[in-house]
Amino acid sequence: MELTNEIHYAAFRTAFVLTMDCMLRDSLGEQHPIAQPGGFLDVYPLLHGTAPQIQLECLLLTWGHLQEIDKSLTPFDHGVIHAACEALAKMGELTTCSALCSVWNGPKLMTTARDHWLTSKVRVLQLTQDQKMASELVRLGKKIDDQPPVSAAFPATEALDPMAELLNVVGCWRASGDVILGSTGLLTEEEQDILRFFFEEQPGLLG
């Protein structure tokens, strides 16, 4: 599946910016001013508090799957996409949020305006998304929350157990260095340098 929609791209950029900010603030012992300390996956109560470096790994892993045209997405991939969209929708409500500038200053030139209609654009995308994704979000939502995430709801990949994927995420601490440092197309060179420097300073966070 190839990701071409600019709103999806902006959503992944938003999830990266928020999660990277969480990681930096955690390392300095500071509280995050916008999102919860755990990062963008906190939209799912069961994943609330998952280590930010693990959330970043999930984000970049799903991003990599989206770049492979023939790659089938897992239910968890769809959950990541939904959570990223929720992060963008939330940030879009803060019209003066300076973090939106960082989101838009990625490697891809975007024509979509970061205006006061941004949250509405995200909601329209979620409401008009492909039926497969909608069914997967419903399926995953039943697994990870007594009250499924709002505003989106995702046929199942029968060969994969969503709970098995969740168990591989919850409680993990060391992220994959190949995934974290090997992503292409989403981060700027400066952001990649910041990641490399950060994990050099925090070697216990990568496996």
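The preceding data block contains the structure.
This structure is a prediction, so every number in the text was calculated from the model and none was measured.

> Any details on helix α3 (residues 75-92)? Residues and values, ideally.
An ideal rise of 1.5 Å per residue puts 26 Å on 18 residues; α3 measures up with 26 Å between its terminal C-alpha atoms. Most of α3 sits out of view: 17 of its 18 residues are buried.

> Tell me about the pattern of salt bridges, and name the residues and values.
Taken as a whole and assessed by the stated rule, the structure comprises 5 salt bridges. Of the charged contacts, one joins R25 and D21 as a salt bridge, the two residues approaching to 3.0 Å between their closest N and O atoms. Of this pair, R25 and D21 both sit in helix α1 (residues 6-28), 4 residues apart, roughly one helical turn. Overall, the relative accessible area of 22% leaves R25 in the partly exposed class. In this structure D21 comes out as partly exposed when scored by relative accessible area, which is 23%. As a salt-bridge pair, R196 and D193 come within 2.3 Å of each other at their nearest N and O atoms. Taken together, the positions of R196 and D193, both in helix α9 (residues 189-201) and 3 residues apart, correspond to about one turn of that helix. With a relative accessible area of 34%, R196 lands in the partly exposed category. Classification of D193 as partly exposed rests on a relative accessible area of 43%.

Analysis parameters
- Residues numbered from 1 in each chain as written.
- Predicted model: local features only at pLDDT ≥ 70, side-chain atom pairs only at ≥ 80, totals over all residues.
- Heavy atoms only, no water.
- Helix = DSSP H or I, 4+ residues; strand = E, 2+ residues; numbered from the N terminus.
- Expected span 1.5 Å × (residues − 1).
- Buried < 20%, exposed > 50% of the residue type's maximum accessible area, 1.4 Å probe, protein only.
- Salt bridge = Lys/Arg side-chain N within 4 Å of Asp/Glu carboxyl O.

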